[in-house]
Amino acid sequence: MKIAVLGYGTVGSGVVEVLERNQEIISQRAGDVIEVKYVLDLRDFPGQKIQEKIVHDYDVILNDEEIEIVVEVMGGVEPANTFVKKALLAGKSVVSSNKALVAKCGADLLKTARSNHVNFLFEASVGGGIPILRALESSLTGDEIEAVTGILNGTTNYMMTKMFYEGADYEEVLKEAQANGYAEADPTADVEGYDACRKIAILTSIISGKMVDFEEIYTEGISKITVEDMKYAQALGMTIKLLAECKKEDGKWYASVAPCLLGQEHPLSSVHDVFNAVCVRGNMLGDAMFYGSGAGKLPTASAVVADIVAEVKNPHTDIMNFWTEEKLQLEDRLTSSKRFLVRMTGVQAEMAEKIREDFGEVTFINPEGIQGEFGVLTSVMTEGEYEEKAKVYPQICHMIRVEE
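Peer 1: I keep staring at the overall build of the protein chain and nothing clicks. Help me out?
Peer 2: Within the protein chain one finds 15 helices and 17 strands. In terms of C-alpha radius of gyration, the protein chain reaches 23 Å, essentially the compact-globule figure of 22 Å for 404 residues. Expressed as lengths along the three principal axes of its C-alpha atoms, the size of the protein chain is roughly 75 × 45 × 35 Å. Taking all 404 residues of the protein chain together, 54% fall into the buried category.

Peer 1: Where do I start with unusual backbone geometry in this structure?
Peer 2: Excluding glycine, residues mostly carry a negative phi; peptide bonds, for their part, are mostly trans. For the bond from E78 to P79, the omega torsion is 5°, close enough to zero to count as cis. For H117, which is not a glycine, the phi torsion comes out positive at approximately 60°. Mapping H117 onto the fold places it in the loop between α5 (99-115) and β6 (120-121). You can call H117 exposed: its relative accessible area is 56%. Notably, D250 is not glycine yet its phi reads approximately 55°, a positive angle. Looking at where D250 falls in the secondary structure, it is placed in the loop between β9 (238-249) and β10 (252-263).

Peer 1: What is the right way to look at the side chain of T378 in this model?
Peer 2: Structurally, T378 can be placed in the loop between β15 (373-377) and β16 (381-382). Look at T378 and you get buried, because its relative accessible area is 2%.

Peer 1: Sorry if this is basic, but what is going on with the nonpolar core here?
Peer 2: Generally speaking, nonpolar side chains in soluble globular proteins are found buried as a group. Ranked by internal contacts, the top residues of the largest apolar core, which has 116 residues, are I61, F120 and I308. Setting aside chain neighbours within four positions, we find I308 in contact with I3, V15, I34, I69, V71 and V95. Listed in part, the 16 residues of the second largest apolar core include F359, A390, Y393 and M399.

Peer 1: How should the packing of aromatic side chains be read in this particular structure?
Peer 2: One pair of aromatic rings is described through two measures. These are the centre distance and the angle between the planes. The final tally for this structure, using the stated rule, is 13 aromatic pairs. Considering the side-chain rings of Y58 and F83, the 4.2 Å spacing of their centres and the 20° angle between planes classify their relative orientation as stacked. Here the residue Y58 occupies a position in helix α3 (residues 58-62), and F83 occupies one in helix α4 (residues 80-89), the gap between them amounting to 25 residues. Note on F275 and Y291: the rings are 5.2 Å apart at their centroids and 10° apart in plane angle, and the pair reads as stacked. Of this pair, F275 sits in strand β11 (residues 275-282) while Y291 sits in strand β12 (residues 286-293), placing them 16 residues apart in sequence.

Peer 1: Help me out: how do you make sense of the sheet that holds strand β3 (residues 54-55) in this one?
Peer 2: Taken in spatial order, the six strands of this open sheet run β3-β2-β1-β4-β5-β6, and their pairing is parallel. Lying at the two open borders of the sheet, with one neighbouring strand each, are β3 and β6. Pairing between strand β1 (residues 2-6) and strand β4 (residues 67-72): five bridges, direction parallel. For I3, the partnering residue across the bridge sits in β4 and is I69.

Peer 1: I tried to follow the packing of α4 against α5 on my own but got confused; where do I start?
Peer 2: Helix packing for two helices is described by the angle between their axes and how far apart those axes are. Interaxial distance between α4 and α5 falls to 10 Å at its minimum, and their mutual angle equals 15°. Judged on the interaxial angle alone, α5 and α4 are roughly parallel. The chirality of how α4 crosses α5 is right-handed. Only L101, C105, D108, L109, T112 and A113 of α5 make contact with α4, whose side of the interface consists of A80, N81, V84, K85, L88 and L89. Of the residues assigned to the contact of α4 with α5, the class counts are eight nonpolar, two polar and two charged.

Peer 1: Any chance you could explain the side chain of S96 here in plain terms?
Peer 2: As for its placement among the helices and strands, S96 is situated in strand β5 (residues 93-96). There is a polar contact of 2.6 Å between the side chain of S96 and the side chain of E72. With residues near it in sequence (within four places) discarded, S96 still touches E72, L101, F120, L121, F122, E123, A124 and S125.

About the thresholds
- Residues numbered from 1 in each chain as written.
- Predicted model: local features only at pLDDT ≥ 70, side-chain atom pairs only at ≥ 80, totals over all residues.
- Heavy atoms only, no water.
- Helix = DSSP H or I, 4+ residues; strand = E, 2+ residues; numbered from the N terminus.
- Rg over C-alpha atoms; globule rule 2.2 N^0.38 Å.
- Buried < 20%, exposed > 50% of the residue type's maximum accessible area, 1.4 Å probe, protein only.
- Core = buried A, V, L, I, M, F, W, Y, C linked by side-chain atoms within 4.5 Å.
- Contact = heavy atoms within 4.5 Å.
- Phe/Tyr/Trp six-rings, centres within 6.5 Å; stacked < 30°, edge-to-face > 60°.
- Pairing = 2+ DSSP bridges.
- Axes fitted to C-alpha atoms, helices over the stretch in contact; angles between N-to-C directions.
- Parallel < 35°, antiparallel > 145°, perpendicular 65-115°, else oblique.
- Left-handed = near helix turned anticlockwise from the far one by under 90°.
- Nonpolar A, V, L, I, M, F, W, Y, C, P; charged D, E, K, R; others polar.
- Polar contact = N/O pair within 3.5 Å; in protein donor to acceptor, adjacent residues only side chain to side chain.

Here is the structure:
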């Protein structure tokens, strides 16, 4: 089985490495030898073994009938979308790790694949090395999935862990994450939650069977999280994580990305550093958690290779019938219910009575070492109700949601 790899960056070179290092066991599991015939890249790699496979013209791959699987690990929407669609139309299956492509163009590419009796597979686009998509589509088919909640970005989880346990501030841990290669020079996609947003859009599309527009998902990153927020979390015996969540309640679908407080009993509270995890709730299964390396060269490449093997074993078979082009209507986040930790400046004793009148039963928090402010842990209310009450409190300096 001859394949082509589009892009020889971190993941692309990882795919080639995994196929070479584990060739024997992969061949046994696939029932065929998988050979990388071409690698498409703008660059040359003189002196490296891979140079003999490098091509710069995509048409060389497209027009070669020996190539049955194209592996897209370029990143970005274009030209990846054009290349993938051309491959599918030419009767070649495609494996991708490209979350931006899948989130934006997934429904159209899945339709194109089905129409041409090939597959578009993208296990590595969500959880890196965590096999969550295959579990949702194949292993949990007897369940109605009611909720998926995950830590889907290793960079932000690394930063939150450092801030919580070491008391470091945001700018300090960001620089450290960049120095360690966990964060890009421009970290916006990670720290503002856009990366996690695309991933939860893909997961929501899979469990609902309909296309989710990631641009309609409420998204809040970690750039406003402070050392003081962490002190409140510690005072409550909780931690703060950037959570991506989708859930179905009373037939209505909600999806969001935001920092949340988690109690020690929550399974995601113990997921630290660059690791990712996904909690799935099924109406028959109950709760299950998938945990592992959510990023990195070889974990991500491992998931890509798993998709390649699945396609080799099942040629021209519809392996993963993920979702249709019908759009899923997401409910307004203002109608969803949660508790909230609200930080206020001022003197608690002077404001307590009014706060109780407005917010009902509350708990006041006064972490050691924080002066001139206090915290209020509200009862359960909708986001809309909270925002309405908060309008009359200019003293509010920050709010964090609480995930039960």
